[in-house]
Amino acid sequence: MEWLPIVAVVVTGLLVGVEASVMFVMNPIFDGLPDDAAVLARAHGGRMLGRLMPFWYIGATLLIAGTALVTPEAAALAWTSVALMLVSVVMSVALLVPINDRSKEWTPDTLPADWREQKDRWNRLHLVRVAVIVAAFVLVTVAAVR
């Protein structure tokens, strides 16, 4: 089972990379587009990632839990990482997914009056989520190398 911590680090690291890319690369690109194109791009991204991310978050969390079980000398670090991943999942389901579910259906013709405020709220919450999963990634990485 020496491979499990490595897989946990790789899967979690890729998750962090995608989420950081959304925050620091994709969203700024979308924000530079005309509003109609930006709305369509965000809606498409929300649909695509909305299907994939639940499996990725749960898979990463399970791999980190497995790391906690096979690395007793670093179990506290790995379990703390699991806790942070669970915080990110709860935060996603309670705060980000409702906004995403609305925005993935938006078109230039169906935008609510407060669409910019909803987009900005999602971005702020996503930034916090990225910080949480970065912390989880750091902890599981340290656990894996012990």
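What you see is a predicted model; the values in this text were computed from it and never measured. (Residues numbered from 1 in each chain as written. Predicted model: local features only at pLDDT ≥ 70, side-chain atom pairs only at ≥ 80, totals over all residues. Heavy atoms only, no water.)

A word on the environment of Arg129
- As for its position among the elements, Arg129 is in helix H4 (residues 115-145).
- Residue classification places Arg129 among the buried positions, given a relative accessible area of 7%.
- In the structure, Arg129 is positioned 38 residues away from Met91 in sequence and 7.4 Å away in space, judged by C-alpha atoms.
- Leaving out residues up to four positions away in the same chain, Arg129 has contacts with Glu19, Tyr57, Ser88, Met91, Ser92, Leu96 and Trp122. (Helix = DSSP H or I, 4+ residues; strand = E, 2+ residues; numbered from the N terminus. Buried < 20%, exposed > 50% of the residue type's maximum accessible area, 1.4 Å probe, protein only. Contact = heavy atoms within 4.5 Å.)

What to know about the packing of helix H2 (residues 35-70) against helix H3 (residues 75-103)
- Closest axis-to-axis distance for the H2/H3 pair is 9 Å, and the angle between their directions is 165°. Judged by the angle between their axes, H2 and H3 are roughly antiparallel. In terms of crossing hand, the pair formed by H2 and H3 is left-handed. Contact residues: Ala43, Gly46, Gly50, Tyr57, Ala60, Thr61, Ile64, Ala65, Thr67, Ala68 and Leu69 in H2; Ala75, Ala78, Trp79, Ser81, Val82, Met85, Leu86, Ser88, Val89, Asn100 and Ser103 in H3.
- When grouped by side-chain class, the residues that make up the contact of H2 with H3 number 14 nonpolar, 8 polar and no charged. (Axes fitted to C-alpha atoms, helices over the stretch in contact; angles between N-to-C directions. Parallel < 35°, antiparallel > 145°, perpendicular 65-115°, else oblique. Left-handed = near helix turned anticlockwise from the far one by under 90°. Nonpolar A, V, L, I, M, F, W, Y, C, P; charged D, E, K, R; others polar.)

Some points on the nonpolar core
- Core analysis: the largest hydrophobic core is formed by 24 residues, its most contacted members being Leu15, Met53, Tyr57, Ile64, Met85 and Ile133.
- At the level of elements, helix H1 (3-31), H2, H3 and H4 are the ones that each hand at least two residues to this core.
- The contacts of Ile133, once residues within four sequence positions are left out, are Leu15, Val16, Glu19, Tyr57, Met85 and Ser88. (Core = buried A, V, L, I, M, F, W, Y, C linked by side-chain atoms within 4.5 Å.)

Examining the layout of surface pockets
- In this structure, the largest pocket encloses a volume near 720 Å³.
- Mapped onto the lining of the largest pocket, the elements with two or more residues apiece are H1, H2, H3 and H4.
- Tallying contributions element by element places H2 first for the lining of the largest pocket, with 14 residues. (1 Å grid on protein atoms, 1.4 Å probe; cavity = no way out; pocket = protein on both sides within 12 Å on 5 of 7 lines; lining within 4 Å. Points joined across faces, edges and corners; volume = space filled by probe spheres on them.)

Details of the environment of Arg124
- One can find Arg124 in helix H4.
- Overall, the relative accessible area of 53% leaves Arg124 in the exposed class.
- Here the alpha-carbon distance between Arg124 and Gly13, two residues 111 residues apart in the chain, equals 21 Å.

Remarks on the side chain of Ser88
- With respect to the element layout, Ser88 can be found in helix H3.
- With sequence-adjacent residues up to four places away left out, Ser88 is seen in contact with Tyr57, Arg129, Val132 and Ile133.

As for a nonpolar patch on the surface
- A contiguous nonpolar surface patch, about 440 Å² in accessible area, is contributed by Phe24, Val25, Met26, Ile29 and Leu127.
- Broken down by element, the residue count for the nonpolar patch peaks at 4 residues, all from H1.
- For Ile29, a relative accessible area of 46% translates into the label partly exposed. (Patch = residues over 30% accessible without salt bridge, like charges linked within 9 Å, V, L, I, M, F, W, Y side chains within 5 Å. Areas by Shrake-Rupley, 256 points an atom, 1.4 Å probe, with all protein chains shown as cover. Salt bridge = Lys/Arg side-chain N within 4 Å of Asp/Glu carboxyl O.)

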